[in-house]
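The lines below spell out each chain.
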Amino acid sequence: MSQPPELEKIPTARPNEPRDKATPLAPPDIIAEQQMINEPEAMAADQLYGTAPPDDKLWQETAGGYIEGTSLWKDAWRRLRKNKLAVLGGITVILIVLAALIGPYIVKALTGATYESIPSDRSLVRAFAPSWRHPMGTDPQGRDILARVLVGGRISLMVGLVSTAVSLVIGVSYGAIAGYLGGRVDNIMMRIVDLIYGVPLIIIVIVLLALFERSLFLLFATLGAVSWLTMARIVRGQVLSLKHQEFVEAARSIGVPTWKIIFRHLVPNTLGPVIVYATLTVPSVILQEAFLSFLGLGVQAPLSSWGTLSSEGADNIAIYPWMIIFPGVTMALTLFSLNFVGDGLRDALDPHMRKV
Amino acid sequence: MIRFIIRRLLLIIPMVLIVITLTWALVRLAPGNFYSTAKGLPPAVEKNIRARYGLDKPWYIQYGKTMGQILRGNFGFSRQYQEQTVNEIIWRTLPVSATLGLTAYLIALCVGLLFGTLAALRQNSALDYTSMAAAMLGISVPNFVLGPLLVLLFSLTLYWLPPARWEWAVRFGPVGIPSLRYILLPALTLSAVYMAYIARLTRSGMLEVLRKDYIRTARAKGLSERAVIFRHALRGGLLPVVSFTGPALAFIVGGTVVVERVFSLPGLGTYLINAALNRDEPLLLGLAAFISTLILIFNLLVDIAYGYIDPRIRYS
C-alpha cells in the first residue's frame with residue numbers, strides 16, 4: 001500500500017535553507033535557532049505543516065541573501081487555489097450569493113414577477129410548467145418559482161451567516177475563556193458543555209419553535225445557540241496549546257488585562273481552525289433552517305425559504321414536480337459547494353486534519 | 001466497567017430532567033393555551049378548566065406534581081387525543097419510528113461500510129472518486145428533497161415501489177412484521193445521509209489503519225488479503241464509524257420527524273410536532289422524556305461497544 005503523497009512530502013526542518021534575510025551567512029543551525037526566537041509560530045507552523053515552499057526561485061533568492069517569508073495564510077491560499085473542487089465550489093457559492101442578491105430585481109425587470117405577486121389575470125392563477133417566461137414554472141397561485149427560489153436563497157443564506165456568527169461569538173468566547181483561565185473554571189465550563197452535548201437539542205429546538213411566535217430573530221438565535229458547542233471545544237484546545245507561549249507571557253508581564261490577552265492575543269491565533277469549522281457550520285445551519293421551515297416551524301409565509309418551498313413542492317409532488325425539483329436542486333447545489341469549500345479550507349489551513 | 005455503566009446510567013437522569021424541565025418551562029412561557037379558542041371562553045368556563053387541570057395552583061406545585069408523575073413513568077392523559085394515555089400513544093407509535101430508524105441505519109451501515117472499505121482499498125481509483133462524490137451528494141441533498149424525488153421516480157414514474165402507507169405495510173407484511181416493500185422508500189430516504197457519512201468515515205479510518213505496522217506484519221506473515229482486511233484492518237478502521245453512531249442517533253430522530261411527514265407515517269416524530277403545535281403538555285413532556293432517554297441509553301451502549309472494539313480504551 002503506497003503512502004499518500006501529502007505525507008511523503010512533509011519535510012523535516014531544512015537547515016540549509018535560510019529564511020531570514022538579516023542573517024544569511026550564519027551556520028544553518030544558528031539560523032534555525034534564531035528563527036525559533038524571531039518567529040516561533042511561523043517556524044512551528046512550517047515544521048508542523050511542512051509549508052516551506054521548495055521551489056527553485058526562492059532558493060536562488062536565498063542564495064543572494066534575500067528571501068521573503070511565506071505566511072501561513074499565503075501558503076493556505078496557494079494550496080486552496082490548487083484544489084480544483086474547492087475553487088469550483090467557491091465560484092458556485094459566489095454566483096449563488098450574487099443571484100440571490102440581485103436576481104430578484106432582474107426577474108422583476110424582465111417579467112414583472114416578484115416572489116409574492118399573484119397575477120391579476122385570473123386565468124394565470126394556476127401552476128404552469130417551466131417555460132421561457134417562468135424558467136422554473138409557477139406555483140398554484142401563479143407565483144414565479146424562480147423569483148421565490150431567489151428570495152428564499154436570501155433568507156436561507158442570511159440564516160446560515162447570522163446563525164453561524166452567533167455560534168462563533170458564543171463558542172469562541174466560551175472556549176477561549178475556559179481554556180485561558182484553566183483549572184476549576186475550565187473544568188466546570190467544559191463539564192457544562194459535555195452535559196449540553198448529551199442533551200438531545202433537536203427536541204428542545206422543535207418545541208421552542210413550535211410553541212413561540214415564529215420570527216427570523218428567534219430562528220437565528222436558536223440555531224446559533226445550539227451549534228456553538230463544537231466551536232467552544234476547538235477554541236479551548238487551541239488556547240490551551242497557545243497560552244504558555246512567550247508572546248502571552250510577554251503580554252502578561254507588561255500588565256495587559258486578562259480579557260485583552262484572551263481576545264487580542266489568543267483568539268486571533270486560533271483563527272485557522274475557527275474559520276474551517278465556521279465554513280462547515282454554514283451549510284449545516286442552512287440545512288437545519290430548511291428542515292425546520294419544512295416542518296412549518298421556521299420561516300413563515302409570505303416569506304419563502306428553500307425549506308418552505310420544498311415543503312410546498314413535496315405537497316404537490318404528484319402533479320407539479322417542478323415545484324420541488326428546482327428549489328431542491330438549488331439548495332443541494334449550494335450545500336454541495338459550501339461543503340467542498342469547507343473541506344478545501346480545512347485541507348489548506350491544516351494539512352494534518354486532512355482526510356487521507 | 002460495571003461502575004462506569006452505573007455512573008453513566010445515573011447521569012442520564014439529570015439530563016432527561018434538563019430536557020423535561022426546559023420543555024415544561026417553554027410550554028409555560030409560550031403564549032397561548034391548549035384550551036384557548038378563536039372566540040374566547042366565558043370566564044367561568046375558563047376558571048373551571050384551569051381548576052380541572054390544576055393550572056390554578058402555584059407554578060412550583062404544578063412542576064413538582066408533573067415531575068413526580070414523569071419520574072414514575074406515568075405521563076397521564078393526552079389533552080389533544082382525549083381518552084388516550086400518553087403511554088398508549090408512545091407504545092403505538094414507537095414501532096413505526098423504530099422500524100424506520102433501524103432499517104435505515106442497517107441499510108446505511110451495510111452500504112456505507114462496503115463502499116467505504118472498497119474506496120480505501122482502491123484509493124484514487126474511479127470507484128473511490130465516484131463513491132466519495134456520491135457521498136458528498138448524499139450529505140448535501142436534504143432528506144425532505146430526496147424523499148419526494150424518490151417517490152417521483154420509483155412510485156410515480158416507474159411504478160416499482162409504493163409510496164409508504166403504514167397501515168398497508170402492516171397489513172401486507174408477515175404477521176407482526178411490516179412489509180419491507182412499503183418501508184423501503186422512507187428508509188432509503190432516511191439512510192442517505194448516514195450512508196454517506198459512514199462511507200467517508202470508513203474510508204478515512206481504513207486508509208489510516210492500512211498504513212499501520214501491524215497490517216504490514218499481518219501481510220508479512222502470509223495471511224490472506226481477506227484475513228488481513230476482515231480480521232485486522234476493519235476492527236481498527238471501524239472506530240470512527242462506531243463513535244459516529246451516537247450523533248447519528250440524534251440525527252435519526254430529527255430525520256424520522258421529516259421522513260414521517262413526507263411519507264405520512266404515524267410515528268413518534270409526527271406526534272411530537274403535533275403535540276408542540278397543539279400545546280398538548282402531557283404528550284409533549286412524555287415524548288420529550290421518552291425520546292431523550294432513548295437517545296441517551298443508545299449513546300451509552302455506543303460507548304460500551306467502543307471499549308469492546310478498541311481494548312486500549314479503559315473506563316475510569
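Residues numbered from 1 in each chain as written. Chains lettered and ligands numbered in written order. Predicted model: local features only at pLDDT ≥ 70, side-chain atom pairs only at ≥ 80, totals over all residues.

Participant: I tried to follow the overall build of chain B on my own but got confused; where do I start?
Facilitator: In terms of regular secondary structure, chain B is built from 13 helices and zero strands. Tracing chain B from N to C terminus, the helices and strands come up as α-α-α-α-α-α-α-α-α-α-α-α-α. Burial status across chain B gives 39% buried among its 316 residues. A fraction of 73% describes how many contacts in chain B between residues 6 or more apart in sequence connect residues 24 or more apart. (Helix = DSSP H or I, 4+ residues; strand = E, 2+ residues; numbered from the N terminus. Buried ≥ 20, exposed ≤ 12 C-beta atoms within 10 Å, placed from the backbone. Contact = placed C-beta atoms within 7 Å.)

Participant: In this structure, what is going on with the overall build of chain A? I would like to understand it.
Facilitator: What chain A contains, in helices and strands, is 16 helices and zero strands. In chain A, which comprises 356 residues, the share counted as buried stands at 41%. Contacts spanning at least 24 positions in sequence make up 67% of the contacts within chain A whose residues lie at least 6 apart.

Participant: Sorry, what's going on with the nonpolar core here?
Facilitator: Side chains of nonpolar character tend, in soluble globular proteins, to be buried together. With 163 residues, the main nonpolar core has I206 and V207 of chain A together with L287 and A288 of chain B as its most contacted residues. With 18 residues, helix α8 (residues 180-210) of chain B is the largest single contributor of residues to this core. Among residues more than four places away in sequence, those in contact with L287 of chain B are I90, L268, Y271, L272 and A275 of chain B. (Core = buried A, V, L, I, M, F, W, Y, C linked by C-beta atoms within 7 Å.)

Participant: In this structure, what is going on with the interface of chain A and chain B? I would like to understand it.
Facilitator: It is common to report an interface's size as the accessible area lost on association of the parts. Contacts between chain A and chain B engage 36 residues on the former and 45 residues on the latter. Listing elements by their share of the side of chain A that touches chain B, those giving two or more residues are α8 (183-198), α9 (201-211), α14 (271-294), α15 (306-315) and α16 (322-349) of chain A. Grouping the amino acids of the side of chain A that touches chain B by side-chain chemistry returns 28 nonpolar, six polar and two charged. (Nonpolar A, V, L, I, M, F, W, Y, C, P; charged D, E, K, R; others polar.)

Participant: I tried to follow the confidence of the model for chain A on my own but got confused; where do I start?
Facilitator: The predicted coordinates ought not to be read in detail in places where the model reports low pLDDT. Residue and element names in this part refer to chain A. Overall, the prediction assigns chain A a mean pLDDT of 73, with 75% of residues at 70 or greater. Ignoring residues within four places in sequence, the model shows residues 1-56, a span with pLDDT below 50, making 53 contacts including any to other chains. Residue range residues 58-62 is modelled with pLDDT below 50. Its contacts to residues more than four positions away, or to other chains, number seven contacts. (pLDDT = per-residue confidence, 0-100.)

Participant: How should I be thinking about unusual backbone geometry in this particular structure?
Facilitator: Excluding glycine, most residues fall at negative phi; most peptide bonds, likewise, are trans. Located in the positive-phi region is S264 of chain B, a residue other than glycine, with phi close to 45°. With respect to the secondary-structure elements, S264 of chain B resides in the loop between α11 (239-262) and α12 (268-277).

Participant: Is there a simple way to think about the packing of helix α6 (residues 84-111) of chain A against α16 of chain A in this case?
Facilitator: A packed helix pair is summarised by two numbers, namely the angle formed by the two axes and the spacing between the axes. Residue and element names in this part refer to chain A. Packing of α6 against α16 brings their axes to within 8 Å, and their N-to-C directions diverge by 135°. In terms of orientation, α6 lies oblique with respect to α16. Relative to α16, the crossing made by α6 is left-handed. Of the residues in α16, those touching α6 at L85, A86, G89, G90, T92, V93 and I96 are L333, T334, S337, L338, F340, V341, D343 and G344. Grouping the amino acids of the contact of α6 with α16 by side-chain chemistry returns eight nonpolar, six polar and one charged. (Axes fitted to C-alpha atoms, helices over the stretch in contact; angles between N-to-C directions. Parallel < 35°, antiparallel > 145°, perpendicular 65-115°, else oblique. Left-handed = near helix turned anticlockwise from the far one by under 90°.)

Participant: Help me understand the environment of F154 of chain B, please; the structure alone is not making it clear to me.
Facilitator: As for its placement among the helices and strands, F154 of chain B is situated in helix α6 (residues 143-157). Ignoring any residue separated from it by four or fewer positions in sequence, one finds F154 of chain B in contact with W160, L161 and L185 of chain B.

Participant: Looking at this model, I keep getting lost on the environment of T103 of chain B. Mind explaining?
Facilitator: Residue and element names in this part refer to chain B. Tracing the chain through its elements places T103 in helix α4 (residues 86-121). With 19 C-beta atoms counted inside 10 Å, the residue T103 sits in the partly exposed group. Between the alpha carbons of T103 and L234 there is a distance of 23 Å; along the sequence they are 131 residues apart. Each residue touching T103, except ones within four places of it in the same chain, is listed here: I183 and A187.

Participant: Explain the confidence of the model for chain B to me, please; I cannot follow it from the model alone.
Facilitator: Residues and elements named next belong to chain B. Confidence in the prediction of chain B, expressed as mean pLDDT, is 79, and 90% of residues score 70 or more. At the level of individual helices and strands, chain B shows its lowest average pLDDT in helix α7 (residues 166-172), which scores 64, and its highest in α4, which scores 86. Two summary scores accompany this predicted model of the complex, namely pTM at 0.75 and ipTM at 0.77.

Participant: Where do I start with the environment of N299 of chain B in this structure?
Facilitator: Tracing the backbone through its elements, the reader meets N299 of chain B in helix α13 (residues 281-309). Sequence spacing of N299 of chain B and R8 of chain B is 291 residues, and the spatial spacing of their C-alpha atoms is 9.9 Å.

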